[in-house]
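Tertiary structure, described
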Amino acid sequence: LFSQVGFIGLGNMGGPMANNLVKKNFKVTVFDTDAKKRTALVANGAHESNSLKEVCENAECIVTMLPANQHVLDAYTTSDGILKSVPRGCTLIDCSTIDYQIPKKLAALAKDMEVNFIEAPVSGGIMAAREGRLSFMVGGEGEIVEKARPILEAMGAKFVHCGGHGSGQAAKMCNNLLLAISMAGVSEAMNLGIKLGLDAKKLAAVINTSSGECWSSRVYNPVPGVIDGVPSSKNYEGGFSVTLMVKDLGLAENAASDKGVKLPLGDQVTSLYRHLHENGFSGKDFSVIYKYLESLAGK
Ligand code: NAD
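All values reported here derive from a predicted model rather than from experimental measurement. (Residues numbered from 1 in each chain as written. Predicted model: local features only at pLDDT ≥ 70, side-chain atom pairs only at ≥ 80, totals over all residues.)

Further remarks concern the overall build of the chain. Scanning the chain from terminus to terminus reveals 14 helices and nine strands. For 299 residues, the compact-globule estimate of 2.2 N^0.38 gives 19 Å, and the chain sits close to it at 20 Å. Residue burial in the chain is summarised as follows: out of 299 residues, 45% are buried. For the chain, long-range pairs separated by at least 24 residues make up 65% of all intrachain contacts whose partners lie at least 6 apart in sequence. (Helix = DSSP H or I, 4+ residues; strand = E, 2+ residues; numbered from the N terminus. Rg over C-alpha atoms; globule rule 2.2 N^0.38 Å. Buried ≥ 20, exposed ≤ 12 C-beta atoms within 10 Å, placed from the backbone. Contact = placed C-beta atoms within 7 Å.)

Mapped onto the present numbering, the UniProt feature "domain: 3-hydroxyisobutyrate dehydrogenase-like NAD-binding" (unreviewed entry) falls on residues 166-293. Measuring from the first to the last C-alpha atom of residues 166-293 gives 35 Å, for a span that is 62% helix and 0% strand. (UniProt positions renumbered as here; feature names shortened; annotations may be inferred.)

Side-chain alternation along strand β5 (residues 91-94) places Thr91 and Ile93 on one buried face and Leu92 and Asp94 on a second face that is also buried. As paired strands, strand β4 (residues 61-64) and β5 are joined by four bridges and run parallel to one another. Residue pairing in the sheet places Cys61 in a bridge with Thr91 of β5. With four bridges connecting them, β5 and strand β6 (residues 116-119) associate as parallel partners. For Thr91, the partnering residue across the bridge sits in β6 and is Asn116. Taken together, β5, helix α6 (residues 102-112) and β6 constitute a β-α-β crossover, and its handedness is right-handed. (Pairing = 2+ DSSP bridges. Right-handed = clockwise from strand over helix to strand, strands pointing away.)

With that settled, the discussion passes to the environment of Phe159. Within the fold, Phe159 resides in strand β9 (residues 156-163). Along the primary structure Phe159 and Gly250 are separated by 91 residues, whereas in three dimensions their C-alpha atoms are 25 Å apart. Once residues within four sequence positions are removed from consideration, Phe159 is found in contact with Phe136, Val138 and Leu152.

All right, on to the site of the ligand then. In the neighbourhood of the ligand, 28 residues make up the surrounding shell, with Gly9, Gly11, Asn12, Met13 and Phe240 lying closest. Among the secondary structure elements, those contributing two or more residues to the shell around the ligand are α4 (69-77), β7 (122-123), α7 (125-131) and α12 (242-259). Broken down by element, the residue count for the shell around the ligand peaks at three residues, all from α4. Its residues assigned to classes, the shell around the ligand comprises 12 nonpolar, 11 polar and five charged. (Near = placed C-beta within 6 Å. Nonpolar A, V, L, I, M, F, W, Y, C, P; charged D, E, K, R; others polar.)

Moving on, we come to the pairing of β4. Residues Cys61 and Val63 point to one face of β4 and Ile62 and Thr64 to the other, with burial holding for every one of them. Note that strand β1 (residues 4-8) and β4 share four bridges and pair parallel. Bridging from a neighbouring strand, Gly6 pairs with Ile62 of β4.

Another aspect to go through is the nonpolar core. Counting 56 residues, the largest nonpolar core has Ala18 and Ile62 as the members making the most contacts within it. For this core, the element with the highest residue contribution is helix α8 (residues 142-155), accounting for five residues. Those residues in contact with Ile62, other than ones at most four positions away along the chain, are Gly6, Ile8, Cys56, Ile82, Val86, Cys90 and Leu92. Among the nonpolar cores identified, the runner-up in size contains 31 residues, and Ala180, Val226, Met245 and Tyr273 belong to it. (Core = buried A, V, L, I, M, F, W, Y, C linked by C-beta atoms within 7 Å.)

Moving on, we come to the UniProt feature "active site" (unreviewed entry) in the chain. Using the residue numbers shown here, the UniProt feature "active site" (unreviewed entry) corresponds to Lys172. Locating Lys172 in the fold gives a position in helix α9 (residues 167-195). Sequence-distant contacts of Lys172, that is, excluding residues within four places in its chain, are made with Thr97, Pro121, Ser123 and Met137.

This brings us to the confidence of the model for the chain. The predicted model of the chain has a mean per-residue pLDDT of 97, with 99% of residues at 70 or higher. Here the prediction assigns the complex a pTM of 0.96, and the interface score ipTM is 0.99. (pLDDT = per-residue confidence, 0-100.)

Take the environment of Met17 next. One can find Met17 in helix α1 (residues 14-23). Once the C-alpha coordinates of Met17 and Ile126 are considered, the two residues, 109 residues apart in sequence, prove to be 9.3 Å apart. Apart from residues lying up to four places away in sequence, Met17 is in contact with Met65, Ala129 and Met155.

With that settled, the discussion passes to the environment of Gly45. For Gly45, the position within the fold is in the loop between α2 (35-43) and β3 (47-48). In this structure Gly45 comes out as exposed when scored by C-beta crowding, with 12 C-beta atoms within 10 Å. Between the C-alpha atoms of Gly45 and Lys27, which are 18 residues apart in sequence, the distance is 8.9 Å.

Another point: unusual backbone geometry. Positioned with a positive phi, Asn25 is a non-glycine residue whose angle comes to about 75 degrees. Mapped onto the fold, Asn25 is located in the loop between α1 and β2 (27-31). Not every positive phi belongs to a glycine, and Tyr236 is a case in point at roughly 60 degrees. The residue Tyr236 is located in the loop between α11 (215-218) and α12 in this model. Accessibility expressed as a C-beta count within 10 Å gives 23 for Tyr236, which makes it buried.

So, in structure tokens, the structure goes:
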């Protein structure tokens, strides 16, 4: 079992994930380029480091939870980055959502440095991250995946080993394509129902016990006040930003175009989310698409 874990990227997801490792008694050293994020974790019992190089020293396992492709590539491959700084035999787990072709490249570089790399992107949102109930979609060699299992189980409840490097990211990308479509669909249906005079909570109760039921309605309803504590009830703050959803839809669009697969619904939600991104909603939670659809009424 790993005792020395380094955690890099302490944002909306990484912060609560690192906290759960601390709570489960792993010795966790944290790093984020934003010093305020480190302070919050240190207050809960993590050790602070001031650089990528420092968080890697003596680590038996490193978990990364960074925004997008370039952040991950930089953190792993710069001259004082993870691959150059960790001890031999270290296990590296990237939980960020990135292009499905990057894990193969990182795994090959890791092998050259005699360290192990797997990808383990997550689903479940910030509530599941806080409560240690995330779902992991894991890609990499079975032996390393098994070695990483105690770390993943300390942060999550579900775990699917999808196959070799890249398969976890491919699965995550498909899931988020569907999530964008389902969130837009729930928002459109809720908007129509409310405009017809239905009570939002009652309409949600109907959907959640009927064939329209889905995560976007039941767990993360986009209409303010339907569910306490979710981003829609907190002015769409925190959660999963429109910027990150646009990034994930871009990953799916690129992969589909590589393989000659058409995404007619994906194209529609991508253009809706890009519109939100360019019109002042980039930092809001992605369920803010409800507000946009609501604002179209009466035009
Ligand atoms: P976030 O923007 O809240 O956090 C990212 C953190 O990484 C920030 O604190 C930032 O300062 C830090 N960072 C950036 N570059 C760094 C570097 N080089 N070294 C150290 N720290 C660095 O993002 P998030 O919402 O936590 O998402 C992280 C990843 O998880 C993304 O790939 C996202 O797509 C994925 N994801 C998010 C959610 C969600 O609900 N928010 C759910 C599933 C997956």
